Amino acid sequence: MLWTVLPTSAAEALANHLLSLDSASSARLQKVAGKRLRVTLTELGKPLTLQASEQGVLLSWVDADSVDCHIITRLAVLPELQDSANITRLIKADALDIEGDPMLAQQFSQLFVALDIDWEEQLSQRIGDVPAHVVGQAFKRSQQWLQQRLAEQQQWLADVLIEEKHILVGSQQMAEFKQQVQQLRAQVDKLERALKTR
């Protein structure tokens with residue numbers, strides 16, 4: 001029992017601390033105040049219940065009470081729930097089961113996805129303005145550098161798979177293939193009409 005209480009209380013404390021660092025969180029919390037969301041991840045096998053109040057969120061492994069929305073899915077599917085366009089596709093693919101209000105799940109997700117914390121300001125309260133600014137700028141530069149390296153690696157991999165290994169096709173080849181399919185479809189339609197008139 002202790003193994004579930006400690007991580008939950010730590011996660012709850014962290015979540016509420018992060019929410020307190022963003023002044024806009026209170027408006028998002030008001031939208032879901034009094035609502036309960038249960039998430040059952042197949043990897044864990046035990047449901048986690050989130051309850052929102054205007055002060056923050058409560059996390060619990062207890063699943064006896066009723067909830068406004070219950071999501072049953074896998075851990076890998078959770079990031080895809082940020083975009084509402086994915087929900088129908090995931091349900092049809094049996095990767096997601098939602099009982100209750102699906103919009104509530106997105107509102108709970110937005111509590112944390114929409115966090116806008118001024119980390120430089122938070123750091124300046126501990127080490128001062130100038131060092132916090134230096135650290136903040138260094139972090140931004142390293143983030144830009146990392147994104148650039150990642151983009152270069154993705155381009156390199158695409159070039160290898162398309163040009164050298166011929167495992168994938170390029171966008172130009174795909175466009176040509178689509179055009180050929182459309183031409184073939186037109187020819188088949190023309191032939192079909194000619195056969196019907198005979």
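Criteria and cut-off values
Residues numbered from 1 in each chain as written. Predicted model: local features only at pLDDT ≥ 70, side-chain atom pairs only at ≥ 80, totals over all residues. Heavy atoms only, no water. Helix = DSSP H or I, 4+ residues; strand = E, 2+ residues; numbered from the N terminus. Rg over C-alpha atoms; globule rule 2.2 N^0.38 Å. Buried < 20%, exposed > 50% of the residue type's maximum accessible area, 1.4 Å probe, protein only. Contact = heavy atoms within 4.5 Å. Areas by Shrake-Rupley, 256 points an atom, 1.4 Å probe, with all protein chains shown as cover. Lys, Arg positive; Asp, Glu negative; His and termini not counted. Charge placed at Lys NZ, Arg CZ, Asp CG, Glu CD. Patch = residues over 30% accessible without salt bridge, like charges linked within 9 Å, V, L, I, M, F, W, Y side chains within 5 Å. Salt bridge = Lys/Arg side-chain N within 4 Å of Asp/Glu carboxyl O. Core = buried A, V, L, I, M, F, W, Y, C linked by side-chain atoms within 4.5 Å. Axes fitted to C-alpha atoms, helices over the stretch in contact; angles between N-to-C directions. Parallel < 35°, antiparallel > 145°, perpendicular 65-115°, else oblique. Left-handed = near helix turned anticlockwise from the far one by under 90°. Nonpolar A, V, L, I, M, F, W, Y, C, P; charged D, E, K, R; others polar. Pairing = 2+ DSSP bridges. 1 Å grid on protein atoms, 1.4 Å probe; cavity = no way out; pocket = protein on both sides within 12 Å on 5 of 7 lines; lining within 4 Å. Points joined across faces, edges and corners; volume = space filled by probe spheres on them.

Peer 1: If you had to explain the overall build of the protein to someone new, which residues and values would you point to?
Peer 2: Each helix and strand counted, the protein has seven helices and five strands in total. For 198 residues, the compact-globule formula gives about 16 Å, and the C-alpha radius of gyration of the protein, at 25 Å, lies well above that figure. Projected onto its principal axes, the C-alpha positions of the protein cover 80 × 50 × 30 Å. Counting the 198 residues in the protein, one finds 25% classified as buried. Looking at the protein alone, contacts between residues at least 24 apart form 58% of all its contacts between residues at least 6 apart. For the protein, the accessible surface area stands at approximately 14300 Å², while carbon and sulfur atoms represent 57% of it. Taken together, the 20 basic and 25 acidic charged side chains of the protein have centroids lying 9 Å from each other.

Peer 1: Account for a negative patch on the surface, naming residues and giving values.
Peer 2: Among the surface-exposed residues, Asp116, Asp118, Glu121 and Asp129 lie close enough to one another that they form a single negatively charged patch. Relative to the helices and strands, Asp129 resides in helix 6 (residues 129-164). Classification of Asp129 by relative accessible area gives exposed; the value is 58%.

Peer 1: Account for the nonpolar core, naming residues and giving values.
Peer 2: Ranked by internal contacts, the top residues of the largest apolar core, which has 24 residues, are Leu37, Cys69, Ile71, Leu96, Phe108 and Leu111. Of all the elements, helix 4 (residues 102-113) adds the most residues to this core, at four residues. For Ile71, the contacting residues outside a window of four places in its chain are Leu37, Arg38, Val39, Thr40, Leu81, Leu96, Asp97, Ile98 and Ala105.

Peer 1: I'd like to hear about the packing of helix 2 (residues 25-32) against helix 4, residue by residue, with values.
Peer 2: Interhelical geometry of helix 2 versus helix 4 gives an angle of 160° and a closest axis separation of 9 Å. Compared by their axis directions, helix 2 and helix 4 come out roughly antiparallel. Between helix 2 and helix 4 lies a crossing of left-handed hand. Seen from helix 2, the contacting residues are Arg28, Leu29, Lys31 and Val32; seen from helix 4, they are Leu104, Gln107, Phe108, Gln110 and Leu111. Tallied by class, the residues present in the contact of helix 2 with helix 4 amount to five nonpolar, two polar and two charged.

Peer 1: An account of the sheet that holds strand 1 (residues 36-41) is requested, with residue identities and associated values reported.
Peer 2: With mixed pairing, the five strands of this open sheet are ordered in space as 3-2-1-4-5. The sheet terminates laterally at strand 3 (57-60) and strand 5 (96-100), the two strands that pair on one side only. Averaged over all neighbouring strand pairs, the angle between strand axes comes to 15°, with direction disregarded.

Peer 1: Account for the pattern of salt bridges, with residues named and values stated.
Peer 2: With the rule as written, the count across this model stands at two salt bridges. Note that Glu152 is salt-bridged to Arg149, the shortest N-O span being 3.1 Å. Taken as a pair, Glu152 and Arg149 lie in helix 6 at a separation of three residues, close to a single helical turn. You can call Glu152 partly exposed: its relative accessible area is 38%.

Peer 1: I'd like to hear about the layout of surface pockets, residue by residue, with values.
Peer 2: The method is simple in principle: a probe with the dimensions of a water molecule rolls over the atoms, and the space it marks as empty is what remains. Here the largest pocket defines a volume of roughly 710 Å³. Lining the largest pocket are 27 residues, with Leu37, Val39, Leu50, Leu78 and Phe112 sitting closest to its centre. Counting only elements with at least two residues in the lining of the largest pocket, the list comes to helix 1 (2-20), strand 1, strand 2 (48-52) and helix 4. Taken together, the residues of the lining of the largest pocket sort by class into 21 nonpolar, five polar and one charged. In this model, the second largest pocket occupies a volume close to 210 Å³. Taken together, Asp118, Trp119, Glu120, Leu123, Val135, Gly136, Phe139, Lys140 and Gln143 form the lining of the second largest pocket. Broken down by secondary-structure element, the contributors of at least two residues to the lining of the second largest pocket are helix 5 (119-127) and helix 6.

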